[in-house]
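# Analysis of the macromolecular model
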Amino acid sequence: MAVAATYVFVYALAVALLAIVGAGIAAAATGGGLVRMKVILFVIGWLLMAYATVRLWPSSPDALESDSTPTTETIPEFGSRSRFEAVVYELPPAKWLPVPEPELRTGSETKLFLGSLLVFLSSFLLETIFGAT
């Protein structure tokens, strides 16, 4: 379980760092500084969260009423990773750990949702700690 959580955290952290670097470059290119970076991060976080929420939304009302375990369609198969996941999982500490069992793997939607929370956190920290108001 801890191995699967580490994979989720590494993915979410990579999404957040990619958003922070992108927002920093965009803010510097437009001359906005930390205030513009905070706003860009907020918008990116909102868009990521909206996209992840839509992807997490059940496809039908029957999916909510079903008490059965998830089918194999919802569990990612070994080797069915995106290029982004393949690059992220080569970063430490994920590259030092064994690949989690298929039933313990988390979907991309959940990892993206947690990444959006980290993007929101970075926007919040820019405002509170660095005074970007």
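The structure contained in this document is the topic of the report that follows.

Cut-off values and rules
- Sequence order sets the numbering: in each chain, residues are counted from 1 along the sequence as written.
- For this predicted model, a pLDDT threshold of at least 70 governs which residues receive local features, and a threshold of 80 or more governs which side-chain atom pairs are given and counted, while totals over whole chains, interfaces and linings are taken from all residues.
- Water and hydrogen atoms were dropped before computing side-chain values, which therefore reflect all heavy atoms in the structure.
- The set of buried Ala, Val, Leu, Ile, Met, Phe, Trp, Tyr and Cys residues whose side-chain atoms join them within 4.5 Å is what this entry labels a nonpolar core.
- Relative accessibility thresholds used throughout: buried, under 20% of the residue-type maximum; exposed, over 50%; partly exposed, between the two (1.4 Å probe, protein chains only).
- Every helix listed is a DSSP run of H or I at least four residues long, and every strand listed is a run of E at least two residues long, numbered separately from the N terminus.
- Two residues form a contact once any of their heavy atoms are found within 4.5 Å.
- Geometry of aromatic contacts follows a simple scheme: Phe, Tyr and Trp rings, the Trp one being its six-membered ring, pair when their centres are within 6.5 Å, and the pair is stacked under 30 degrees between planes, edge-to-face over 60, tilted otherwise.
- Our definition puts a charge over a ring when NZ of Lys or CZ of Arg is within 6 Å of the ring centre and also within 35 degrees of the ring normal.
- For a helix, the expected span equals 1.5 Å multiplied by the number of residues minus one.
- With axes taken as lines fitted to C-alpha atoms, and helix axes fitted only over the stretch in contact, angles between N-to-C directions fall between 0 and 180 degrees.
- Throughout, the term roughly parallel applies to angles under 35 degrees, roughly antiparallel to angles over 145, roughly perpendicular to angles from 65 to 115, and oblique to all others.
- By convention, the crossing between two helices is left-handed when the near helix turns anticlockwise from the far helix through less than a right angle, and right-handed when the turn is clockwise.
- The arc in question is formed by the directions pointing from the helix axis toward the C-beta atoms.

Residues Met37, Leu41, Val88 and Val119 are the most contacted members of the largest nonpolar core, which totals 18 residues. Counting only elements with at least two residues in this core, the list comes to helix H1 (2-30), helix H2 (33-56) and helix H5 (108-128). The element that contributes the greatest number of residues to this core is H1, accounting for nine residues. Beyond its immediate sequence surroundings of up to four residues, Val119 is in contact with Ala16, Ala19, Leu41, Ile44, Gly45 and Leu48.

What follows is about the packing of aromatic side chains. The description of an aromatic ring pair rests on the distance of the ring centres and on the angle between the ring planes. Counted according to the given criterion, the structure contains one aromatic pair. Against the face of Tyr11 rests Lys111, its NZ or CZ located 4.9 Å from the ring centre.

The first and last C-alpha atoms of H2 sit 34 Å apart over 24 residues, in line with the 34 Å expected at 1.5 Å per residue. Every buried residue belonging to H2 is among Met37, Lys38, Leu41, Gly45, Leu48 and Ala52, and all of these are buried.

This next bit is on the packing of H1 against H2. Remark: H1 packs on H2, axes separated minimally by 8 Å, with the N-to-C direction vectors making an angle of 140°. Judged on the interaxial angle alone, H2 and H1 are oblique. Every pair of crossing elements has a handedness; the one defined by H1 and H2 is right-handed. On H2, the residues touching Val15, Ala19, Ile20, Ala23, Gly24, Ala26, Ala27 and Thr30 of H1 are Gly33, Arg36, Met37, Ile40, Leu41, Ile44 and Leu48.

The terminal C-alpha atoms of H5 lie 30 Å apart, and with 21 residues this matches the ideal 30 Å at 1.5 Å per residue to within 8%. All buried positions along H5 are accounted for by Glu109, Lys111, Leu112, Gly115, Ser116, Val119, Ser122, Ser123 and Leu126. The arc that holds the buried residues of H5, viewed along the axis, is 155°, so those residues lie on one side. Structurally, H5 contributes buried residues whose contacts are with H1, H2 and helix H4 (83-88).

Limitation: the analysis is restricted to geometry and does not speak to function.
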